[in-house]
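Chain residues, written in single-letter form:
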Amino acid sequence: MSSALADPTPRRTCFVVMPITDPTPYEQGHFRRVYEHIIKPSCARAGFDATRSDDVERTNHIILDVLRRVLQADVVLCDLSGRNPNVLYELGVRQAFNKPVVLIKDSQTERIFDIQGLRDIEYDAALRIDRIAPAVNAISAALTTTTDGNQEEINSLIQLLGVQAASVPQRTEISGETSLILNSLNDISKRLALLERSTPAPKPAKTTSSNDNFDDFPAALDTYTMGDPVIHKNLGKGKVVALKGDVVSVHFHNGRRKDFKDDDPELTWELPF
């Protein structure tokens, strides 16, 4: 009997900052396919373990967990497609600490003016199979050179501007005041998610054949968390009291409880402002 010895060297980490939902007019499951067929293979080829925000265990301070990964990952891969507000927010945090980041975007998203001086890698927005391999190769090479290559190469706005990078503080206990701040950050994150839902994205490029695209993948995980205040077009205000898969259970102020799909167009967060 023979068995392969486990590699004692831990794999490096790549935290992926990208759209999790699929805003109009992207098709349902679009960014899941990008993650599975472009990003994860690129990371694996470069020797990185890829994770993204919906892999983070949901807690009362999920924004803290996400930001910790944004700061602590060996490299961050940031997909700018659709100009997603949450993506730009997390990219800004990473950039402030001048840590390695690789930028990518799809072929239909215009470059963002504020960061157009930084190099990005473009992939085919239609996700044609015959055009995926070059993108995977390019992203994999960029991950390797960004983390192992010339550290003098301009990788962030901090380097471009020549200003002092922020430093990561030592671990501290969370005080009551800090907890309030974290709750506020969590609220900001939800507002950005609302913007993500309502911000129009560029119209996807048409493909010549349905066989050119990958098979559909399940949509991203649920977009709600326990205790979220929500509002329904007909039933009014309520609160999320249970989550199971893509089903959201809501208890309404009128005493009624009802289950919905998390993408139900008549159910949404109650705006916190």
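Everything numeric here is computed off the predicted structure, so don't read it as measured data.

Asker: Kindly report on the sheet that holds strand β1 (residues 12-17), identifying the contributing residues and their values.
Answerer: With parallel pairing, 5 strands are arranged side by side in an open sheet as β2-β1-β3-β4-β5. Across the chains shown, the open sheet's two edge strands, defined by having one partner strand only, are β2 (48-52) and β5 (120-123). The average undirected angle you get between the axes of adjacent strands in this sheet is 25°. Here helix α1 (residues 30-46) sits on the sheet in contact with β1, β2, β3 (75-79), β4 (101-106) and β5, set at roughly 155° to β2. Relative to the sheet, helix α4 (residues 132-148) contacts β1, β2, β3, β4 and β5, its axis offset from that of β4 by approximately 160°.

Asker: Describe the pairing of β2, naming the residues involved and giving the relevant values.
Answerer: Side chains of β2 alternate between two faces, with Phe48, Ala50 and Arg52 buried and Asp49 and Thr51 left unburied. Of the crossover connections in this fold, the one passing from β1 over α1 to the parallel β2 is right-handed.

Asker: Please provide a residue-by-residue account of the nonpolar core, values included.
Answerer: If you look at the biggest cluster of nonpolar residues, it comprises 27 residues, and the most contacted ones within it are Ile39 and Leu143. Contributions of two or more residues to this core are made by β1, α1, β2, β3, β4, β5 and α4. Filtering out sequence-adjacent residues up to four positions away, leucine 143 remains in contact with Cys14, Ser42, Cys43, Ala46, Phe48, Val75 and Val102. Within the second largest apolar cluster, 21 residues are counted, among which are Val17, Val76, Phe97 and Leu118.

What counts and what doesn't
Residues numbered from 1 in each chain as written. Predicted model: local features only at pLDDT ≥ 70, side-chain atom pairs only at ≥ 80, totals over all residues. Heavy atoms only, no water. Pairing = 2+ DSSP bridges. Helix = DSSP H or I, 4+ residues; strand = E, 2+ residues; numbered from the N terminus. Axes fitted to C-alpha atoms, helices over the stretch in contact; angles between N-to-C directions. Contact = heavy atoms within 4.5 Å. Buried < 20%, exposed > 50% of the residue type's maximum accessible area, 1.4 Å probe, protein only. Right-handed = clockwise from strand over helix to strand, strands pointing away. Core = buried A, V, L, I, M, F, W, Y, C linked by side-chain atoms within 4.5 Å.

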